[in-house]
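# Examination of the molecular architecture
Residues per chain are reported as follows:
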Amino acid sequence: MKIEVVGSGNSWTKRLSTSFIIDDHILIDVPQGSFKSLFTNKKLENIDTVILTHYHSDHWADLHLFIQTLKHKKFAGKLKLFAPEGFWNKYETLTSAFCVSNNFEFAKQHISYSQLYNGKIFKIANLKLTTYEVLHIPNTFGFVIDDGKTKIGFSADTAMCDSLIKLIKKSSHVFIDVSSIELNKNHLSVNEVLNLKKEFENVNFYAIHYLDDVAFKLKRKINIAHDGEIFNF
Ligand SMILES: [Zn+2]
């Protein structure tokens, strides 16, 4: 499985906010500010599937720009979209607020939306995606993606919870939220992730969604994913 890290940061970093491209055609999250990089580096041309982990702006606010690009190109097919419940209401509100309501009409015709919920398994091309509802805002989802050879976990934004532990137990590699140094009720802290690394010594962890001072604290203790980095598992 090929995993390209589009962004590894969050809204308070110079780096792009966290998102990934899997096997060149599946985009996980479309954070605000990420479209510029995706578009100018020609990363969108093969994207046929988008997965949104949750509805915070640093995970989906640039989706309308991708849809606008498809509209300009007179895209006639269906973009597959996996997202938490309520997508159409939220997308209508977003496009209305951004004064691009004609984008909403196009999206209605050219997006095939599947709702994520806890425990649901989806098949995307040759991959099996298992969904885990994690502890962040309601309806936030992490995943395990399995290509039959390797199982890769994506924590999404989350605090410590049972679902995260289940996800880790199913994975050999996990891209994990390490947002803060201090304990935090919406995200994982450095010490929590270092404890997970001790507890699950056979799992390889890669920090994502991290602040620069977190990266400094993690240096040489766990792997840190960087913008533009490509992993082949
Ligand atoms: Zn969030």
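The structure reproduced in this document is the subject of the present report.

Reading guide: rules and limits
- Counting restarts for each chain: residues are numbered from 1 in the order of the written sequence.
- Two thresholds apply to this predicted model, a pLDDT of at least 70 for residue-level local features and 80 or more for giving and counting side-chain atom pairs, whereas whole-chain, interface and lining totals are computed over all residues.
- By the criteria applied, helices consist of DSSP H or I runs no shorter than four residues and strands consist of E runs no shorter than two, each listed in order from the N terminus.
- Note on method: radius of gyration uses C-alpha positions; expected globular size equals 2.2 Å times residues raised to 0.38.
- Contact between two residues is assigned whenever their backbone-derived C-beta positions fall within 7 Å.
- Between any two strands, at least two bridges found by DSSP are needed for them to pair.
- The angle between two axes is taken between their N-to-C directions and runs from 0 to 180 degrees, where each axis is a line fitted to C-alpha atoms and a helix contributes only its stretch in contact.
- Residues are called buried when their C-beta atom has 20 or more other C-beta atoms within 10 Å, exposed when it has 12 or fewer, and partly exposed otherwise; all C-beta atoms are positioned from the backbone.
- The arc in question is formed by the directions pointing from the helix axis toward the C-beta atoms.
- Buried Ala, Val, Leu, Ile, Met, Phe, Trp, Tyr and Cys residues form a nonpolar core when they are connected through C-beta atoms within 7 Å.
- Angle categories: roughly parallel below 35 degrees, roughly antiparallel above 145, roughly perpendicular from 65 to 115, and oblique for all the rest.
- Note that Gly is not counted as nonpolar here; it falls among the polar residues with everything else outside the nonpolar set of Ala, Val, Leu, Ile, Met, Phe, Trp, Tyr, Cys and Pro and the charged set of Asp, Glu, Lys and Arg.
- A clockwise course of the path from the first strand over the helix to the second, judged with the strands pointing away from the viewer, identifies a crossover as right-handed.

### Some remarks on the overall build of the protein
When helices and strands are counted, the protein shows eight helices and 14 strands. Relative to the compact-globule value of 17 Å for 233 residues, the protein shows a C-alpha radius of gyration of 17 Å, a close match. For the protein, contacts bridging at least 24 residues in sequence account for 52% of all contacts bridging at least 6.

### Some details on the sheet that holds strand 9 (residues 141-146)
Taken in spatial order, the seven strands make up an open sheet running 7-8-9-10-11-12-13, and their pairing is mixed. The open sheet is flanked by strand 7 (121-124) and strand 13 (223-224), the only strands paired with a single partner. Across three bridges, the pairing between strand 10 (residues 151-154) and strand 11 (residues 173-177) is parallel. If you follow I152 over to strand 11, its bridge partner there is H173. In the packing of helix 6 (residues 162-169) onto the sheet, contacts are made with strand 8 (127-133), strand 9, strand 10 and strand 11, and the angle to strand 8 comes to roughly 155°.

### Some words on helix 4 (residues 87-97)
Taken together, the buried positions of helix 4 are occupied by F87, Y91 and T95. What you see down the axis of helix 4 is that its buried residues fit within an arc of 55°, all on one side. Exposed residues on helix 4 whose side chains face more than 90 degrees from its buried face are N89, T93, S96 and A97. Considering only its buried residues, helix 4 is in contact with helix 3 (63-72), strand 5 (79-83), helix 5 (101-110) and strand 6 (111-115). Following helix 4 by one or two positions, C99 adopts a phi angle in the positive range, close to 60°.

### A closer look at the pairing of strand 2 (residues 19-22)
Residues S19 and I21 of strand 2 are buried on one face, and the alternating residues F20 and I22, pointing to the opposite face, are buried as well. The sheet contact formed by strand 1 (residues 2-7) and strand 2 spans four bridges and is antiparallel. Residue pairing across strands places I3 opposite I22, the latter belonging to strand 2. Two strands pair when backbone bridges link them, and strand 2 and strand 3 (residues 26-28) are joined in this way by three bridges, in the antiparallel orientation. Across the sheet, F20 pairs through a bridge with I28, a residue of strand 3. Taking the residues that link successive antiparallel strands as the turn, the strand 2-strand 3 hairpin has three residues, and the phi of D23 there is positive, at about 45°.

### Here we look at the nonpolar core
I176 and V178 are the most contacted members of the largest nonpolar core, which has 55 residues in total. Other than its neighbours up to four places away in sequence, V178 contacts L188, V190, V193, A207, H209, Y210, V214 and L218.

### So, the packing of helix 3 against helix 5
Taken N-terminus to C-terminus, the directions of helix 3 and helix 5 make an angle of 80°; their axes are 10 Å apart at the nearest point. Classified by the angle their axes make, helix 3 and helix 5 are roughly perpendicular. Across from H64, I67, Q68, L70 and K71 in helix 3, the residues of helix 5 making contact are N103, F106, A107 and H110. Looking at side-chain class alone, the contact of helix 3 with helix 5 contains four nonpolar, four polar and one charged residues.

### A look at the pairing of strand 10
Bridge analysis of strand 9 against strand 10 gives four bridges, and the strand direction is antiparallel. Across the sheet, D146 pairs through a bridge with K151, a residue of strand 10. One crossover worth recording links strand 10 to the parallel strand 11 by way of helix 6, and it is right-handed.

### Notes on the sheet that holds strand 2
Across the sheet, which stays open at both edges, the seven strands sit in the order 6-5-4-3-2-1-14 with mixed pairing between neighbours. The outermost strands of the open sheet, each flanked by one partner alone, are strand 6 and strand 14 (230-232). Averaged over all neighbouring strand pairs, the angle between strand axes comes to 20°, with direction disregarded.

### Description of helix 3
Residue pairs three or four apart in sequence face the same way in an α-helix, which turns once every 3.6 residues. All of the buried residues in helix 3 are L63, H64 and I67. Here the buried residues of helix 3 occupy an arc of 95° about the axis, which is enough to place them on one side. Looking at the buried positions of helix 3, the neighbouring elements they touch are strand 4 (49-51), helix 2 (57-60), helix 4 and helix 5. Directly beyond the C-terminal end of helix 3, a positive phi value near 55° is found at K74.

Purely spatial values, then, with no claim about function.
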